[in-house]
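Here is what each chain is made of, one letter per residue.
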Amino acid sequence: MIGKDLQQVKALLLDGRLVAIPTETVYGLAANAFDSEAVAKVFEAKGRPTFNPLIVHTNSLEKATDYLLEIPPLAKELAEAFWPGPLTLLLPKSEKIASLVTAGNDRVAIRVPKHSLTLKLLEELPFPLVAPSANPYQYISPTHPEHVNAQLGEKVDYILDGGRCEVGMESTIIGFDKGEPIIYRYGGLALEKIEDQIGRKIKAKENTDKVETPGQSALHYAPHNKVIVGHPVSLTGVMKNKTFAVLSFQNRVIAPNVKECRILSPEGNLQEAAANFFDYLHALDQVEVDAIIAEQVPNSGLGIAINDRLARAAAR
Ligand code: TXA
Ligand code: MG
């Protein structure tokens, strides 16, 4: 059921049930973070392996402090600057957070989402919420209540309707190594903004065999249709005997074998492109074609997150 009844949502969550919640980034599949059975249901509903940990959502830095062993000064500065907002911090967890939530990791991923309905909910609940993106494992993230309904409708007890997600990309994840910030996932908060705030460059996590953010595996965000990343005009021209749906950055692509074309941002605005990205991928996945051809966007600001999602969507 899709609706806006916060009292019903509260009652369901208190009862250990699953509710899809709106955030500024994508919809989350939420459960009581303090209730291990409810947390287990999240993994099950998503079809997600339990070695892939969940993000904890709360409504204030003060409450977050309670779920953490310590907050390094730089982490505090980032939280104060960007919460509520699309930033997740990876920090040492306190004993209040069960290891099921973090998949045995000493660190918990935590954030304060920026959405009025969800903030109100979190304010009133006596526990934080775990919430991975509300999509089946490895499928496209949902940015609209209807996406959740189509993908997981049978498996959630309620979908809290907060409209379309404003940012449209998952949160940026930052961890710390000996106090130095490291980026684990490019996302809805542009790296440049974080670097401007702290006045220094942020390193990317080195590629090691140990997957520290298991959700960052190569195959992810994958539609059912095959995805090819490249230049739409030349690719559709070369493969004339195939049919395509096109996700372009600024320009409409017209060709006999192009069944549908979605334009991320005619003006070339990366914020608009990010907000449209998953929505358009969902739409193009409904079209019967041989493949979706998606064009890379400029690799700066939110464009880095968009190109990252594109590469993973094409990894099948
Ligand atoms: O914007 C977002 O972050 C959305 C909304 C709902 O808040 N949530 C989201 O969750 O994208 P999810 O589960 O789809 O992606 C979380 C990522 C995964 O790659 C996971 O492996 C990583 O964060 N992660 C979560 N907890 C972690 C932990 N304790 N240590 C390392 N990585 C963690
Ligand atoms: Mg996800």
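Structure first, text after, so check above.
Residues numbered from 1 in each chain as written. Chains lettered and ligands numbered in written order. Predicted model: local features only at pLDDT ≥ 70, side-chain atom pairs only at ≥ 80, totals over all residues. Heavy atoms only, no water.

(A) Structural detail: the layout of surface pockets. Considered as a void within the structure, the largest pocket measures approximately 410 Å³ in volume. Lining of the largest pocket is provided by 17 residues; of these, Val167, Gly188, Lys193, Gln271 and Leu302 occupy positions nearest its centre. A breakdown of the residues in the lining of the largest pocket according to their chemical character gives nine nonpolar, four polar and four charged. (1 Å grid on protein atoms, 1.4 Å probe; cavity = no way out; pocket = protein on both sides within 12 Å on 5 of 7 lines; lining within 4 Å. Points joined across faces, edges and corners; volume = space filled by probe spheres on them. Nonpolar A, V, L, I, M, F, W, Y, C, P; charged D, E, K, R; others polar.)

(B) How the structure looks around the sheet that holds strand 13 (residues 244–248). If you walk across this open sheet you meet the four strands as 12-15-13-14, and the pairing is parallel. Each of the sheet's edge strands pairs with one partner strand only, and the pair in question is strand 12 (227–229) and strand 14 (258–263). The average undirected angle you get between the axes of adjacent strands in this sheet is 20°. In this sheet, strand 15 (residues 291–294) lies alongside strand 13 in parallel orientation, the contact comprising four bridges. Bridge assignment links Phe244 to a residue of strand 15, and that residue is Ala291. Helix 10 (residues 270–285) rests against strand 13, strand 14 and strand 15 of the sheet, and its axis sits at about 170° to strand 13. (Pairing = 2+ DSSP bridges. Helix = DSSP H or I, 4+ residues; strand = E, 2+ residues; numbered from the N terminus. Axes fitted to C-alpha atoms, helices over the stretch in contact; angles between N-to-C directions. Contact = heavy atoms within 4.5 Å.)

(C) Broad picture of the pattern of salt bridges. Across all of its chains, the model carries 15 salt bridges by this definition. Close ionic contact of Arg164 with Asp279 constitutes a salt bridge, the shortest N to O distance being 3.8 Å. With Arg164 in the loop between strand 8 (158–160) and strand 9 (172–177) and Asp279 in helix 10, the pair connects residues that are 115 residues apart, well separated along the chain. A salt bridge links Glu170 to Arg309; its shortest N-O distance comes to 3.0 Å. Here the residue Glu170 occupies a position in the loop between strand 8 and strand 9, and Arg309 occupies one in helix 11 (residues 302–313), the gap between them amounting to 139 residues. Judged by relative accessible area, which is 3%, Glu170 ranks as buried. Residue class for Arg309 comes out buried when judged on its relative accessible area of 0%. Taken together, the salt bridges that share partners define one network made up of Glu170, Asp308, Arg309 and Arg312. (Salt bridge = Lys/Arg side-chain N within 4 Å of Asp/Glu carboxyl O. Buried < 20%, exposed > 50% of the residue type's maximum accessible area, 1.4 Å probe, protein only.)

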